[in-house]
Amino acid sequence: MTIDKFNFAGKKTFVRVDFNVPVDENFNITDDTRIVAAMPTLKKIIADGGRLIIASHMGRPKKNPDPKYSLKYILKHVSECLGVDVKFAEDCAKAQEQVAALKDGEALLLENVRFYAEEEGKPRGIEKEDPAYDAAKKELKAAQKEFAKTLASYADVYVNDAFGTAHRKHATTAVMADFFDADHKMFGYLMEKEVVAVEKVLNNSVKPVTAIIGGSKVSSKITIIENLLQKVDNLVIIGGMAYTFVLAKGGKVGNSLCEPDQVDVALAVLKKAEELGVKIVLPVDCLAADNFDNNANTQVVDNNNVPDGWEGMDIGPKSAALMAGVIESSKTILWNGPAGVFEFSNFQAGTKAIATAVANATAKNGAFSLVGGGDSVSAVKQFGFADKVSYVSTGGGALLEAIEGKILPGIAAIKG
Ligand code: AMP
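Keep in mind that this is a model prediction, so the values were computed, not measured.

**Q** Lay out the overall build of the chain in plain terms, naming residues and giving numbers.
**A** When you go through the chain residue by residue, the secondary structure sums to 14 helices and 15 strands. Relative to a compact globule of 416 residues, whose C-alpha radius of gyration would be 22 Å, the chain shows 24 Å and is just as compact. Here the chain, with 416 residues, has 53% of them falling under the buried criterion. Taking contacts inside the chain between residues at least 6 apart in sequence as the whole, the part at least 24 apart equals 71%. For the chain, the exposed area adds up to about 18000 Å²; of that, 50% sits on carbon and sulfur atoms. Treating the 48 positive side-chain charges of the chain as one cloud and the 53 negative ones as another, the clouds have centres 4 Å apart.

**Q** I'd like to hear about the side chain of Glu 311, residue by residue, with values.
**A** Secondary-structure assignment places Glu 311 in strand E12 (residues 311–315). One buried charged residue, Glu 311, remains without a salt bridge, the closest side chain of opposite sign being Lys 217 at 13 Å. Setting aside residues up to four positions removed in sequence, Glu 311 forms contacts with Asn 255, Ser 256, Leu 287, Ala 288, Ala 289, Asn 291, Phe 292 and Val 306.

**Q** Got a sec to walk through the pairing of strand E14 (residues 368–371)? Specific residues and values, please.
**A** With burial as the criterion, each face of E14 is covered, one bearing Phe 368 and Leu 370 and the other bearing Ser 369 and Val 371. Summarising the sheet, strand E13 (residues 332–336) and E14 pair through 4 bridges and their orientation is parallel. Bridging across to E14, Ile 333 finds its partner in Ser 369. Traced from E13 through helix H11 (residues 349–364) to E14, the parallel crossover comes out right-handed. For the crossover from E14 across helix H12 (residues 375–382) to strand E15 (residues 391–392), the handedness is right-handed.

**Q** Tell me about the site of the ligand, and please be specific about residues and values.
**A** Not every one of the 13 residues close to the ligand is listed here, only the nearest: Lys 221, Gly 240, Gly 312, Glu 343 and Asp 375. Between a nitrogen atom of the ligand and a main-chain N or O atom of Gly 240, the distance comes to 3.0 Å. Interatomic distance of 2.4 Å between a side-chain N/O atom of Glu 343 and an oxygen atom of the ligand. Coverage of the ligand by the protein chains reaches 82% of its 510 Å² of free accessible surface. For the shell around the ligand, a count of residues per class yields 4 nonpolar, 6 polar and 3 charged.

**Q** I'd like a rundown of the packing of helix H1 (residues 33–48) against helix H2 (residues 75–82), residues and numbers included.
**A** Helix-helix packing: each pair is described by the crossing angle between the helix axes and the interaxial distance. Contact geometry for H1 and H2: axes closest at 9 Å, N-to-C directions at 60°. The angle between the axes of H1 and H2 places the two elements in the oblique class. In the packing of H1 onto H2, the handedness of the crossing is right-handed. Two secondary-structure elements touch here, H1 through Ile 35, Met 39, Leu 42, Lys 43 and Ile 46 and H2 through His 77, Val 78, Cys 81 and Leu 82. For the contact of H1 with H2, the class distribution of residues is 7 nonpolar, 1 polar and 1 charged.

**Q** So what about the domain arrangement of the chain? Which residues, and what values?
**A** With domains assigned, the chain is organised as domain 1 (3–192) and domain 2 (205–403). A separation of 36 Å is found between the C-alpha centroids of domain 1 and domain 2. Facing the 5 residues of domain 1 at the interface are 8 residues of domain 2. Looking only at domain 1, the three residues that lose the most surface to domain 2 are Phe 163, His 167 and Leu 190, adding up to 79% of its buried area. Where domain 1 packs against domain 2, one counts 0 salt bridges. Taken together, the connections running from domain 1 to domain 2 amount to 0 residue pairs in polar contact (both at pLDDT 80 or more).

**Q** Give a description of the environment of Val 195 that names residues and reports values.
**A** Along the chain, Val 195 turns up in helix H6 (residues 189–202). Given a relative accessible area of 10%, Val 195 falls into the buried group. Sequence spacing of Val 195 and Ile 411 is 216 residues, and the spatial spacing of their C-alpha atoms is 8.0 Å. Once residues within four sequence positions are removed from consideration, Val 195 is found in contact with Phe 187, Ile 411 and Lys 415.

**Q** Just give me the short version of the pairing of strand E4 (residues 107–110), but keep the residues and values in it.
**A** Side-chain alternation along E4 places Ala 107 and Leu 109 on one buried face and Leu 108 and Leu 110 on a second face that is also buried. Sheet topology places strand E2 (residues 51–55) next to E4; 3 bridges connect them, and they run parallel. In the sheet register, Leu 52 faces E4, and the bridge partner there is Ala 107. Note: strand E3 (residues 87–89) against E4, 3 bridges, orientation parallel. Looking at E4, one finds that Phe 88 is bridged to Leu 109. You can see the chain leave E3, run along helix H3 (residues 96–101) and come back into E4, and the turn it takes is right-handed.

**Q** Describe the nonpolar core, and please don't skip the residues or the numbers.
**A** Ranked by internal contacts, the top residues of the largest apolar core, which has 71 residues, are Phe 14, Leu 110, Leu 235 and Leu 370. No other element matches the 7 residues that H6 contributes to this core. Two domains each put at least three residues into this core: domain 1 (3–192) and domain 2 (205–403). Excluding residues that lie within four positions of it along the chain, Leu 235 makes contacts with Ala 211, Ile 213, Ile 225, Leu 229, Val 278, Lys 279, Ile 280 and Val 281. Of all hydrophobic cores here, the second largest spans 30 residues; its members include Phe 6, Val 15, Cys 81 and Val 84.

Rules of the game
Residues numbered from 1 in each chain as written. Predicted model: local features only at pLDDT ≥ 70, side-chain atom pairs only at ≥ 80, totals over all residues. Heavy atoms only, no water. Helix = DSSP H or I, 4+ residues; strand = E, 2+ residues; numbered from the N terminus. Rg over C-alpha atoms; globule rule 2.2 N^0.38 Å. Buried < 20%, exposed > 50% of the residue type's maximum accessible area, 1.4 Å probe, protein only. Contact = heavy atoms within 4.5 Å. Areas by Shrake-Rupley, 256 points an atom, 1.4 Å probe, with all protein chains shown as cover. Lys, Arg positive; Asp, Glu negative; His and termini not counted. Charge placed at Lys NZ, Arg CZ, Asp CG, Glu CD. Salt bridge = Lys/Arg side-chain N within 4 Å of Asp/Glu carboxyl O. Pairing = 2+ DSSP bridges. Right-handed = clockwise from strand over helix to strand, strands pointing away. Near = heavy atom within 4 Å. Polar contact = N/O pair within 3.5 Å; in protein donor to acceptor, adjacent residues only side chain to side chain. Nonpolar A, V, L, I, M, F, W, Y, C, P; charged D, E, K, R; others polar. Axes fitted to C-alpha atoms, helices over the stretch in contact; angles between N-to-C directions. Parallel < 35°, antiparallel > 145°, perpendicular 65-115°, else oblique. Left-handed = near helix turned anticlockwise from the far one by under 90°. Domains from an automatic or database assignment. Buried area = accessible area lost by both parts, 1.4 Å probe. Core = buried A, V, L, I, M, F, W, Y, C linked by side-chain atoms within 4.5 Å.

See below:
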């Protein structure tokens, strides 16, 4: 089922959202992006005359209740955003009466579902190394099913709009979906957009397809690279991890960030790319610094010959131009990871150049561009490019697992 086609009138609807928003020491919300992002889904259900049950996690509580992670602090803001006086259930697993009292067009926010260890299915207060851990985990998994069943009993329909936790097999993100048939479970608008965007990049892509992968380490991105090699025409490698490739190809990296133990992995990537006909685009020059400092002395040098005592902190102008050419002639683009130490103002030019190229490809070449996963999202936001790309993913870890080619439990639970 899809949310657009469903009429929620009179239906008790359980919506899993991600309201895990940052709050200050007085519990004031400092960034309400996630609350605002869930509104299209919640408003559609209310407008239809549905009976809304909203569930979310907040932080990583260790006990039930753990007051500093209470969702009661965000209740007022959720009500304001939704335009409805949202009620509050102080115990998410004992809300039967409040659910039964809901009238059409009314809404109830459940207390933090992670107050119950059953939500995550991870035993608390016992270390993984403890011999009793496995038995405790098994027991909790059974309890997780019961917890999911209780929550599922509240509702006629289940909607998942929490892409940020789609990679977790938690009670409210995946397990409880089993208690609904295919006509009564669906993605919310936000989750649907994420799923479509990932599909457009990985499986329904228009060629040429270019992936731009940056960031600090090959080791943390290798599963992504291996999966993408099967999917793309061009793989642009930027950021600190490019130096492991430089070393693998016999170049000199100076003091640049580098993982010598990943040289074989880098060589295997290069070989596989050649077999598959994927063009690997590596930086040709870099902006090197004599110290890991924004005010360090700098010089542009050959990326394959970084002098001793210097470290590559950003791609250089020749690399930026070379990569812009590849990016701007692409029809599908996936970007994860910055081109350099973009947190330092003097080493942002490369990341900005990549962002500009992605924006140009989107505007001038009609490319579909997806930016996601941690630092690249902060970079596009910081540099004002967020509305110049096709889609900025809201799910860090979930997006990374999706582009690693993993099946996300939250998606599988609905799509089957
Ligand atoms: P990741 O978390 O793997 O996506 O990496 C992001 C981090 O990589 C950012 O904090 C960047 O500062 C860092 N980074 C990118 N390029 C370099 C570089 N050439 N040298 C050191 N750190 C870098």
